[in-house]
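Now for the letters of each chain:
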Amino acid sequence: MSSERDRRSHQVGDGEDSDDTAEVKCGLGMWRPSWIQRWATPRGFLFFMCLLTLAESMMIVGYTSSVIVTIERRFQLKSTEAGLIVSGYEIGNLLVVAFVSFYGGRPGSSRPKWVGCGAIFMAFSAFIFTLPHLIGGEYQLPGVENSTTAEPLCGSANISSSSGTHSGGMIDPNNADKDGYYGCLGDDTDSELIIVFLLAQMLLGMSAAPLFTLGITYLDDNVSKDNAAIYIAIVYCMTAVGPALGFLLGGICVSVYVDFGRVDTSDLPIDIDDPQWVGAWWLGYLICGTLMILTALPILAFPKSLQRQQSKDDDVSTADDNDVVNMQFNCTGLSDLKDALVSLLTNPTYICICMVACLEISIVTGFLYFIPKFLGSQFGVNNTEASYLTGALIPAAAISTALGGYIIKRFNLNLEKTAKFTFCVTTCAFLLFALLFVFHCDTLKVAGVSVPYIDSVSYNDNYTAQCNADCYCSESYYKPVCGSDNVTYFSACYAGCNTTDVGGNGDESDTFSDCRCIPGPSIADSGTCENDCQLLPVFMVFLILVVGVTTLGQIPGIMVTLRSVDQKARPFALGIQFVFLRALAYIPSPIYYGKTVDKSCMLWQPLCEGVGACLEYDNVKFHFSYLGLSAGLKCISVVFSFLAWQSIKRGWNRNVYKEASLENGSVHNSGSTDGSVELPDRNSKDEAIVQSVDK
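These numbers come from a predicted model, not from an experiment.

**Some remarks on the pairing of strand E8 (residues 601-606)**
The element E8 is largely enclosed, with a buried count of 5 among its 6 residues. Summarising the sheet, E8 and strand E9 (residues 611-617) pair through 4 bridges and their orientation is antiparallel. The residue of E9 that forms the bridge with Cys-601 is Tyr-617.

Here you go:
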């Protein structure tokens, strides 16, 4: 048997072109040179698999999370709509994952070809995602038409009227045509391009289906059982490194103006700290898509099986050469499939731990996509800084995930102790999360929105007061200024400012004077008033602790899932859990989190019809509703983790397989480190050898 593998490997090295050896040789078509065969090893495939996983997680998780706020602003989308776009990836993935797993995993199918083709389609889907930038035209500053340098003042001389252009002072309210100058946001916002975003995300999800199904099993089938866990762990480590790089890339891209190359960025009237700034959100998708194509080509060249893959004719039951881990679930008919599904759905431990996973993933997904917006609103950081801060959470998650696996191995925890550990970790994470409610900042003072004007006692999205009633300002032009009274005004016009100060070089400065709505010095500076909240460092420290403690229970949770079911049913159990996670967490979570965020908005971008993206949030409402939703989900997660522990401790799941065990005459326990109950053998003749490594 061993000599047979050596003979096949020797033939590969000699470059023979028989059909049998071609299946273990790298190349494309007839092109299979000998020098490339050095890559036809598990390590070679692992290298390119890691690159592809890195690019996929960098784009889908990290980069998309960092630029989704910019996409909202550019195309005037609500957070609910942005959440729907994000969910498109999971919807597409769920639609085809069963098809891909079945047809791609059949005997004779080339799994590297499936993974490589999926990577190419992912790249093209990423390019499709950038189409709204190409077909949507240049970004126009909201409220200003045919001008990039306008600074509307009260009684601006630039506002046209039926009798010509005014030389200054107050305008005639009967003849003024302010919309001719200010314009309004309507059809030109390109908000209908949400369909393109959604379809591109769904295509991305479909294309990524082979990566973690066929790619992982290809590695698993071509390495020894001792190395399988290490190889797979390395791949999943890339899913932690990728998002961190994605947030870094997102921070860099959004600091570059969206239309660089189209317009002269030196003449822009705004900078990155301006609420109307839109960064080059599309640039990262081109970078990641290109990286995917470059990685896909080598993966396509890998054979159906690698040089050292165990032959099907080998006696895998011998103790000397038992290298292959081949976990299969025998399901010969609908009756077996039904029995297997019923056994899982009536297993209280499995159901409870699946609910814990769904709830925790819901929180992670909601936080991942909206925490940059939360940090920007609460603590006044710009999009680039928010991306970097969010990326700082990833290393803590990666370290804690590895630590959770080490703890199980170091202390040799059995099923009950692992479930108890999961419950303790979930409870500690909930208690730490509750402390985040303490660290909140005050809502930005916006005249007419969150505080009244000096000559008014009420406010309810009414920007007009006696002090600016004759200025005839446009609500479409959000160019905030900070008054000397530390109140933010919608624009210099709404602050009643009549004059722009001139600097020493003769250029207009960012300071306005003679502002009738501002008491005291009656001056204002461009931009919103600075957020004097100093709680960002301590908030980030506690948030990192929460993330670390939460991810500490990830590996224990997976082990409880695996150990609570029959060994031969574990692949099927993971597949059903995959459906639970998509249906209950990944798909709906961004949508209802986005709806929660939208409800905290206090100032919307006015459009010709309706409203667009949110301009400013009520910080107090945002803080308590956003964190409150997460805390509620965490509380339920604690309950289910407790029930999972108790179901094992009190033996609630022992009756699940009682009837099946009686058919076999006895109940087979796996020992102290497992605790699962084995199903009887239905098809002993065709059953594949199953080897479980739980320790």
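**Some thoughts on the state of the cysteines**
Cysteine pairs can be covalently joined through their sulfur atoms, and such a bond is termed a disulfide. According to the stated counting rule, one finds 7 disulfides in the structure shown. One disulfide bridge connects Cys-497 with Cys-515, the sulfur atoms lying 1.9 Å from each other. Residues Cys-497 and Cys-515 are joined through a disulfide that is right-handed, its torsion about the S-S bond being 100 degrees. Taken together, the residues span a long stretch of sequence, with Cys-497 in strand E5 (residues 497-502) and Cys-515 in strand E6 (residues 508-515) at a distance of 18 residues. Note on Cys-497: relative accessible area 0%, which makes it buried. Between the sulfur atoms of Cys-601 and its disulfide partner Cys-614 the distance amounts to 2.1 Å. Taking the sign of the S-S torsion, about 100 degrees here, the bridge from Cys-601 to Cys-614 comes out right-handed. Of the two residues, Cys-601 is situated in strand E8 and Cys-614 in strand E9; the sequence distance between them amounts to 13 residues. The residues Cys-601 and Cys-614 share a single accessibility class, namely buried.

**Considering the pattern of salt bridges**
Taken as a whole and assessed by the stated rule, the structure comprises 5 salt bridges. The salt bridge partner of Arg-262 is Asp-259, with a shortest N-O separation of 3.3 Å.

**What about the nonpolar core?**
Among the nonpolar cores identified, the biggest contains 63 residues, and Leu-52, Met-59, Ile-71, Phe-129 and Trp-281 are the most heavily contacted of them. Contributing elements (two or more residues each) for this core: helix H3 (42-75), helix H4 (79-104), helix H5 (111-129), helix H8 (194-221), helix H9 (225-253) and helix H10 (283-300). Looking at which element gives the most residues to this core, the answer is H3, with 15 residues. When near neighbours in sequence (up to four residues on either side) are disregarded, Phe-129 contacts Ile-71, Ile-85, Phe-197, Ala-200, Gln-201, Trp-281 and Tyr-285. Counting residues in hydrophobic clusters, the runner-up holds 38 residues, among them Cys-441, Leu-536, Cys-601 and Leu-627.

**Brief notes about the packing of aromatic side chains**
Using the criterion set out here, one finds 32 aromatic pairs in the structure. Between Phe-367 and Phe-433, the ring centres sit 5.9 Å apart and the planes meet at 70 degrees, which makes this aromatic pair edge-to-face. You can see Phe-367 sitting in helix H12 (residues 348-379) and its partner Phe-433 sitting in helix H15 (residues 415-434), a full 66 residues away along the chain. Take Phe-367 and Phe-433: they sit in the same class, and that class is buried. Centroid distance Phe-379 to Phe-539: 5.3 Å. Interplanar angle 50 degrees. Geometry classified as tilted. Of this pair, Phe-379 sits in helix H12 while Phe-539 is found in helix H16 (residues 536-552), placing the two residues 160 residues apart along the sequence. Overall, Phe-539 belongs to the buried group, its relative accessible area being 0%. Following the ring pairs from residue to residue traces out a cluster consisting of Phe-367, Phe-374, Phe-379, Phe-433, Phe-539, Tyr-592, Tyr-593, Tyr-617, Phe-622 and Tyr-626. Over the face of the ring belonging to Phe-75 we find Arg-74, whose NZ or CZ atom lies 4.7 Å from the ring centre.

**Some points on the environment of Val-565**
Within the secondary structure, Val-565 is located in the loop between helix H17 (554-563) and helix H18 (570-586). Each C-alpha atom of the pair Val-565 and Tyr-350 lies 7.3 Å from the other, and the pair is 215 residues apart in sequence.

**With respect to helix H14 (residues 393-411)**
Taking 1.5 Å as the rise per residue, H14 with 19 residues should run 27 Å; its terminal C-alpha atoms sit 27 Å apart, in good agreement. Where H14 is concerned, the buried positions are Leu-393, Ile-394, Ala-396, Ala-397, Ser-400, Thr-401, Gly-404, Ile-407 and Ile-408. When H14 is viewed along its axis, its buried side chains cluster within an angular range of 160 degrees and face the same direction. Summarising the geometry of H14, the exposed residues directed more than 90 degrees from the buried face are Ile-399, Ala-402, Lys-409 and Arg-410.

**A look at unusual backbone geometry**
A positive phi angle is found at Asn-412, which is not glycine, with a value near 50 degrees. Tracing the chain through its elements places Asn-412 in the loop between H14 and H15. The partly exposed category is assigned to Asn-412, whose relative accessible area is 45%. With a phi angle near 65 degrees, Asn-486 is a residue other than glycine that sits in the positive phi range. As for its placement among the helices and strands, Asn-486 is situated in the loop between strand E3 (481-483) and strand E4 (488-489). Since its relative accessible area comes to 44%, Asn-486 is described here as partly exposed.

**A look at helix H20 (residues 619-649)**
With 31 residues, H20 ought to run about 45 Å at 1.5 Å a step, and its terminal C-alpha atoms sit 44 Å apart, in line with that. With a side-chain oxygen lying 3.2 Å from the backbone nitrogen of Val-620, the N-terminal cap of H20 falls on Asp-618. The positive-phi residue at the C-terminal boundary of H20 is Gly-651, with phi of around 75 degrees.

What counts, and where the lines are drawn
- Residues numbered from 1 in each chain as written.
- Predicted model: local features only at pLDDT ≥ 70, side-chain atom pairs only at ≥ 80, totals over all residues.
- Heavy atoms only, no water.
- Buried < 20%, exposed > 50% of the residue type's maximum accessible area, 1.4 Å probe, protein only.
- Helix = DSSP H or I, 4+ residues; strand = E, 2+ residues; numbered from the N terminus.
- Pairing = 2+ DSSP bridges.
- Disulfide = S-S within 2.5 Å.
- Salt bridge = Lys/Arg side-chain N within 4 Å of Asp/Glu carboxyl O.
- Core = buried A, V, L, I, M, F, W, Y, C linked by side-chain atoms within 4.5 Å.
- Contact = heavy atoms within 4.5 Å.
- Phe/Tyr/Trp six-rings, centres within 6.5 Å; stacked < 30°, edge-to-face > 60°.
- Lys NZ or Arg CZ within 6 Å of the ring centre and 35° of its normal.
- Expected span 1.5 Å × (residues − 1).
- Arc of directions from axis to C-beta.
- Polar contact = N/O pair within 3.5 Å; in protein donor to acceptor, adjacent residues only side chain to side chain.

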